[in-house]
Amino acid sequence: MAESETMSLPVQTGDKRGCSEDKDEDVPSKKPKVEGDHENGGAPDLNEEEPAEEASEEDDDGDTFADMMKHGLTETDVGILKYVSDHEGFSGILKERYSDFVVHEINKQGKTVHLDDLSIPVDSEQASESEQLPKESDVLTEEQKKQLGELQLFKNKEGNVAIEVMDDTKEKRTLVHKAIKTQFPGLETKTEEKDRRKFIVAYHAAGKKALAEVKTTKAPRKHFWPKNRGSYCHFTLYKENKDTMDAINVLSKFLRLRPNMFSYMGTKDKRAITVQEIAVLKITAERLAHLNKCLMNLKLGNFCYKNHPLKLGELQGNHFTVVIRNISGTSEQVHQAMTSLKTTGFINYFGMQRFGTTAVPTQHVGRAILRNDWNEVVDLILKPRPGAEKEFLVRCREEWAKSQDPEAALKKLPNKRCVEGQLLRGLSMYGKKNIVTAFGLIPRNSRLMYIHSYQSVVWNTMVSRRIDSFGLKAVEGDLVLRGTAAHVLSAEEAETHTIHDIVMPLPGFDVIYPSHHIGEGYREMLTADRLDIDNMRHKVKDYSLAGAYRRVVIRPTDVSWEVIHYDDPRISLVHTDFEKLENKPAPVFIKDGKYRALRMEFSLPPSTYATMAIREVLKLDTSIKKQTQLNTTWLN
């Protein structure tokens, strides 16, 4: 989910923190709208569909990643050129550890979401529920419970537990099956007969071999559900170094549910510690709480029952706690930079994660889609590219370049669910003369990501020109929102507005453009890309762009900061919700420590990128390419 991922530094220093008790890891509307994408949880290009997986893995060593990033993008490549402040910048390393980036969701009511309660709520019909449910807990012996518990925590080397059914009746077997699945979430069961004796075999639903047998597409089993209890269990999800969809996929496998049974207000970063609200249909808090025994890097709590799911984009924003390590700035420089961020804000650019990390930028694919040049689309996605990649991807691309045979190239991929694999599968099914249909096998969210990326680079470029031409004041011809509609300012009206009121359009068929020369700049840029700004409707409905409006400058709220000193670069510098629940002490900072870091906090509305706020503070290129060079230099 490309858009929720903020900048991840390639050199990782083993940020291992336990969440487990085992101490031993926008769909375009047909009307113009205010931009609603968000790097950490607005309404992203993600509905109920799983996005295509990345073909390359994140476990590359630092040298390999650094080599790949030699061909990556920098900020100037995507139109990120200007700053709003005139303070002197300074260097620092962002996300040296994933615990240096902590995100707390701000819900619809404006409350910051925290994980601070692991208890299970008691409802009025809990007693009657227990009376009506079978007493399945009585059918397992203490020894069997111990074995099943070890199996649940992956401590059982046999990989399964076999329980002989002495009193062999269907009712007795049903009770045993139900007892195991209720008391030990994540375990699946089956009945086997050996030597005329019947056994119920429990195995791990998340095990590699078991995954092939477990069907997550089945409807959830029916359980008794009290009438006066809300149909949805809402809970707080605390996760470390895992993106939202990965976390939901893990939960769905353990609970034997389809992933779309879960709802959420936005996706969150992978390389971070994040806290957000999730809702799931008719799963008890008790079953969810059981998962805390066996999940790594995930923790669930703050359970309650409500009658409604969550909707994408409902959140008010996110609160960030960010640590920039090894800063070079003086205390005065830091004070000037953070004061400017608090009072003026930053240019609301689309961040680097919007444009991908490979040698073929996503906006180039988007431009080809909008041109209806499908051969170029295929070429951009499948052709060999410079930079380091996983060997199987290199072999796949080489095979495609040599033979243009989708089936032969597909055989080179162990993971067929990556974008390349899905496109090749489509080409093998529908042929190279039906590329539009073949391309449709890629999940819709991933396909739309390409064209939204092109819109974003146009927006970034035009905003840089607008700031360069007119600075930080409202001028005649600028656009402001009145409700959801854009209005062109007159010279008199411009006197009563500030830069914080000004919006700029993402190109589309249902937006208007500034009446000053920047408006004409949009036409020039699209014409240079062989696109017609007056005809943004596409032959394929999904790729028709309505457009949207986005604020030019954002001013964060709840801004605070401190410069801290420390000696050990391996320690966490943020006291997390999980550590507080475990009563672990807050980090202690040393006045004359060897290293200096800037610890900052701020809140942002949906449709904003935290990395762009950090860029304004440091006056530093936030691209992975530049940050990799910084990090590598510092480590050396």
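Up top is the structure these notes are about.
In short, a report on the structure. All values derive from a computational prediction rather than experimental measurement.

**A look at helix 4 (residues 170-183)**
Since the α-helix advances by 3.6 residues per turn, residues separated by three or four positions end up pointing in the same direction.
Okay, step 1: In a regular helix each residue adds 1.5 Å, so 14 residues correspond to 20 Å; helix 4 covers 20 Å between its end C-alpha atoms and thus fits that length.
Okay, step 2: For helix 4, the set of buried residues is Arg173, Val176, His177, Ala179, Ile180, Lys181 and Gln183.
Okay, step 3: In this structure, the buried side of helix 4 is in contact with helix 3 (142-152), strand 4 (160-164), strand 5 (187-194), strand 6 (197-204) and helix 7 (285-290).

**A short note on the packing of helix 15 (residues 444-470) against helix 17 (residues 517-528)**
Okay, step 1: Relative to each other, helix 15 and helix 17 sit at 145°, their axes nearing to 10 Å. For the pair helix 15 and helix 17, the crossing hand works out as right-handed. Packed against helix 15, whose contacting residues are Tyr454, Val457, Val458, Trp459, Thr461, Met462, Arg465, Arg466, Ser469 and Phe470, the element helix 17 presents His517, Ile518, Gly521, Tyr522, Glu524, Met525 and Leu526 at the interface.

**Some points on the pattern of salt bridges**
Okay, step 1: Overall, the coordinates contain 26 salt bridges when judged by the stated rule.
Okay, step 2: Asp542 serves as the salt-bridge partner of Arg444, at 3.2 Å between the closest nitrogen and oxygen. Highlighted residues: Arg444 in helix 15 and Asp542 in the loop between helix 17 and strand 16 (548-551), separated in sequence by 98 residues.
Okay, step 3: Between Arg482 and Glu493 there is a salt bridge whose closest N-O contact spans 3.2 Å. In this pair, Arg482 sits in strand 13 (residues 479-482) while Glu493 sits in helix 16 (residues 491-494), placing the two residues eleven residues apart along the sequence.
Okay, step 4: Here Arg482 falls in the partly exposed class, since its relative accessible area comes to 47%.
Okay, step 5: Among the residues examined, Glu493 registers a relative accessible area of 23% and is labelled partly exposed.
Okay, step 6: Overlapping salt bridges, with partners in common, bring together Lys190, Glu192 and Lys194 in one network.

**Quick look at the packing of aromatic side chains**
Okay, step 1: Scanning the entire structure with this criterion turns up 13 aromatic pairs.
Okay, step 2: Summarising the aromatic geometry, the rings of Phe439 and Tyr543 are spaced 6.4 Å apart at their centres and angled 65° between planes, so their arrangement reads as edge-to-face. Here Tyr543 lies in the loop between helix 17 and strand 16 and Phe439 lies in helix 14 (residues 435-439), a separation of 104 residues in the sequence. Each member of the pair, Phe439 as well as Tyr543, carries the same accessibility label: buried.
Okay, step 3: Three or more aromatic residues joined by ring pairs make a cluster, and in this case those are Trp374, Phe439, Tyr450 and Tyr543.
Okay, step 4: Stacked on the ring of Trp225, the Lys or Arg Arg229 has its end atom at 4.5 Å from the ring centre.
Okay, step 5: Positioned above the aromatic ring of Tyr83, the side-chain terminus of Arg615 is 4.0 Å from the ring centre.

**A short note on the sheet that holds strand 6**
Okay, step 1: Strands sit in the order 4-6-5 across an open sheet of three strands; the sheet is antiparallel. At either end of the open sheet lies a strand with only one pairing partner, and these are strand 4 and strand 5. Across the sheet, the mean angle from the axis of one strand to that of its neighbour is 25°, orientation sign disregarded.
Okay, step 2: Inspection of the sheet shows strand 4 paired to strand 6 by five bridges, in the antiparallel sense. What sits directly across from Asn160, in strand 6, is Tyr203.
Okay, step 3: In this fold helix 4 packs onto strand 4, strand 5 and strand 6, with an angle of close to 150° to the strand it touches most, strand 5.

**Details of the packing of helix 9 (residues 362-371) against helix 15**
Okay, step 1: As a packed pair, helix 9 and helix 15 sit with axes 7 Å apart at the nearest point and diverge in direction by 100°. Judged on the interaxial angle alone, helix 15 and helix 9 are roughly perpendicular. Each of Thr362, Gln363, Val365, Gly366, Arg367, Ile369 and Leu370 in helix 9 lies in contact with helix 15, whose residues at this interface are Arg447, Met449, Tyr450, Ile451, Ser453, Tyr454 and Val457.
Okay, step 2: The class makeup of the residues in the contact of helix 9 with helix 15 is eight nonpolar, four polar and two charged.

**Some details on the pairing of strand 5**
Okay, step 1: Pairing of strand 5 with strand 6 involves eight bridges; the strand directions are antiparallel. Bridging from a neighbouring strand, Leu187 pairs with His204 of strand 6.
Okay, step 2: In sequence, strand 5 turns back onto strand 6 through a hairpin of two residues, with Asp195 there showing a positive phi of about 50°.

**What about the state of the cysteines?**
Okay, step 1: A complete count under the given rule lists zero disulfides for this structure.
Okay, step 2: As a non-bridged cysteine, Cys304 has Cys233 as the owner of its nearest cysteine sulfur, 7.0 Å distant.
Okay, step 3: The closest cysteine sulfur to the non-disulfide-bonded Cys396 is located on Cys418, 7.1 Å from its own sulfur.
Okay, step 4: Here Cys396 falls in the buried class, since its relative accessible area comes to 2%.

Thresholds applied
- Residues numbered from 1 in each chain as written.
- Predicted model: local features only at pLDDT ≥ 70, side-chain atom pairs only at ≥ 80, totals over all residues.
- Heavy atoms only, no water.
- Helix = DSSP H or I, 4+ residues; strand = E, 2+ residues; numbered from the N terminus.
- Expected span 1.5 Å × (residues − 1).
- Buried < 20%, exposed > 50% of the residue type's maximum accessible area, 1.4 Å probe, protein only.
- Contact = heavy atoms within 4.5 Å.
- Axes fitted to C-alpha atoms, helices over the stretch in contact; angles between N-to-C directions.
- Left-handed = near helix turned anticlockwise from the far one by under 90°.
- Salt bridge = Lys/Arg side-chain N within 4 Å of Asp/Glu carboxyl O.
- Phe/Tyr/Trp six-rings, centres within 6.5 Å; stacked < 30°, edge-to-face > 60°.
- Lys NZ or Arg CZ within 6 Å of the ring centre and 35° of its normal.
- Pairing = 2+ DSSP bridges.
- Parallel < 35°, antiparallel > 145°, perpendicular 65-115°, else oblique.
- Nonpolar A, V, L, I, M, F, W, Y, C, P; charged D, E, K, R; others polar.
- Disulfide = S-S within 2.5 Å.

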